[in-house]
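# Overview (structure and organization)
The primary structure of each chain is shown beneath.
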Amino acid sequence: MKYLGIVVWMGLVSTVFPGTCFTRAYAQEQPGIQEEAEVEGEFALTDQPLEIWTFLDDHRLITGKTLHLTVQVMWKLGVAVNLEGLEKINLSPFTIEGVTIGERQIFDNEHDYAVVTYALSLPADIKPGIYSIPSFSLSYRNEVDKTEGTAASAAIAVKKVPILIEGNVDRDVITIGDHIIYTLTVRHEKNVTLLWESIEKLNFSPFEVLQRDIKKTTERNVEKVSITYTLSLYELGGKKKAQEIPGLTVLYYGGSPSQSNTAKAGSSLIETQEVKTASIPVILNSLLKAVDVPLEGIKGPMFYSGKHTFFHGYLPMGIGVMLFVFLGTAVVRSVVGRLSPAPSKPVAETPYIVLERLKNTLALFQYTDDDTRNRNNIHNVNKALRAYIGTLIGISNERAQSATTSMFLQYDTQKHLPEEISTIVQTVLKQLDELIFGRHMGKEAVDRMLEGMKQIIERTSLKSS
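Residues numbered from 1 in each chain as written. Predicted model: local features only at pLDDT ≥ 70, side-chain atom pairs only at ≥ 80, totals over all residues. Heavy atoms only, no water.

## So, the packing of aromatic side chains
A complete count under the given rule lists three aromatic pairs for this structure. Look at F107 and Y113: their rings are 5.8 Å apart centre to centre, the planes differ by 90°, and that puts the pair in the edge-to-face class. With respect to class, F107 is no different from Y113; both count as buried. In this structure an aromatic cluster arises from ring pairing among Y182, F204 and Y229. (Phe/Tyr/Trp six-rings, centres within 6.5 Å; stacked < 30°, edge-to-face > 60°. Buried < 20%, exposed > 50% of the residue type's maximum accessible area, 1.4 Å probe, protein only.)

## What to know about the packing of helix α5 (residues 351-364) against helix α6 (residues 371-393)
At a closest axis distance of 9 Å, the pairing of α5 and α6 adopts a crossing angle of 160°. On the basis of the axis angle, α5 is roughly antiparallel to α6. The handedness of the crossing between α5 and α6 is left-handed. Where α5 approaches α6, its residues P351, V354, L355, L358, T361 and L362 are matched on the opposing element by N380, V381, A384, L385, A387, Y388, T391 and L392. Within the contact of α5 with α6, the residues separate by chemical class into eleven nonpolar, three polar and no charged. (Axes fitted to C-alpha atoms, helices over the stretch in contact; angles between N-to-C directions. Helix = DSSP H or I, 4+ residues; strand = E, 2+ residues; numbered from the N terminus. Parallel < 35°, antiparallel > 145°, perpendicular 65-115°, else oblique. Left-handed = near helix turned anticlockwise from the far one by under 90°. Contact = heavy atoms within 4.5 Å. Nonpolar A, V, L, I, M, F, W, Y, C, P; charged D, E, K, R; others polar.)

## Looking at the UniProt feature "transmembrane region" (unreviewed entry) in the chain
Here, UniProt's "transmembrane region" (unreviewed entry) annotation points to residues 314-336. Secondary structure over residues 314-336 splits into 100% helix and 0% strand, and the C-alpha atoms at its two ends are 33 Å apart. (UniProt positions renumbered as here; feature names shortened; annotations may be inferred.)

## Let's talk about the environment of T117
Relative to the elements of secondary structure, T117 occurs in strand β9 (residues 111-121). Linking T117 and F55, residues 62 residues apart in sequence, is a C-alpha distance of 9.3 Å. When residues no more than four places from it in sequence are discounted, the contact partners of T117 are L69, T70, G98, V99 and T100.

## Some remarks on the side chain of R375
Considering the arrangement of structural elements, one finds R375 in helix α6. A polar atom in the side chain of R375 sits 3.0 Å from the backbone oxygen of I436. Leaving out residues up to four positions away in the same chain, R375 has contacts with L435, I436, G438, R439, H440 and M441. (Polar contact = N/O pair within 3.5 Å; in protein donor to acceptor, adjacent residues only side chain to side chain.)

## Re the pairing of strand β19 (residues 222-232)
Of all eleven residues in β19, nine are buried; the element is thus mostly enclosed. As paired elements, strand β16 (residues 179-189) and β19 share eleven bridges and run antiparallel to each other. Considered in β19, the bridge of I180 is made with L231. In this structure, strand β18 (residues 208-219) lies alongside β19, joined through eleven bridges in antiparallel fashion. Each bridged residue has a counterpart across the sheet, and for I214 the counterpart in β19 is I227. (Pairing = 2+ DSSP bridges.)

Structure follows, in structure tokens:
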């Protein structure tokens, strides 16, 4: 249950802050001795009386943008923590725009926690570069053995950049001919100049650009350019059921006014840099739209040749006679089959057989750099897990494969699975859905899913045997 709670918390954080990175620090029992650790991609509770985990929604920052730093303070039962000090910490050079301190909550049978959120920004006159959110410490007192100590968070690096770019779509599931609204947003400081030649030549293949609208605004010391593209797709391009809006690259240069003058005098002397958006997958609906066919006008009498009469008259009649004979033979065989002894029913697959198949599927799974291959492997793991759990709760494989994640365990009316195992199964199925339908498939998310699969196998092996 302890590690299940950790998985649930990680899912909550990844939902609120997509792409979040986090660090963790914890304290020793002895006063004044601190040990820091930095972890990326996984949680692991320790025996320390107080732990501090920090989450950052983005490691890049531009003037006028606000960063959200989420701090989770985790402590053992019997430990008193001074949370009031979190409102007065100094995170210079970052400015604290606001602080929200959550109430104390129960994490598991041994720990409580509280969540604190900071809204941070950098001064407008600060130069681009790498800056650090400094570590901060909290004091605690262990009421069990009457010891005191402190825990410190880990420092986090943040890069101040002169330009940020992002792309978004209004929907990612379409049919052929539908329109997609793609919004390209570029924020840059006033001393940065965009090369519009690179924007004019942006390639959205295989999507076609139907319309483009440009809107420019100013937000304090930052120029904001919003370009709205209306895209559409008119051909499948193979048997793929998913297409991809490619990553877009925008060139720019920035610096002193002299550099801008040099750029106007001769473009060959410009030292340009580039920023790029992430590609966005788009799923194609397999249903095709109906096509209207115009009606033909009234025609006069038409005379048919002997060849036409044969192919459109006698030949269909002959085929009809043959079909009648075939159906009659099938009926006779059906009657004979009823009178003959019934064959023995095929032996149904046991949970042990399906479990071995699931283990073999996991053994063959290898995470690679090929995203298509990873998705095929995830589909195989999902099918094998649903088939195995279906045999445990007594439903057919067809129903197990077609049921939604939210409805899957509702078929377990006899409560064949304990509540603890049901919770793990529900969590792993949701993780598989996120990997199958998500835009990106990170190795950390795959490892968390595989760890949940191992727990299911370990806790249900005795039951299935």
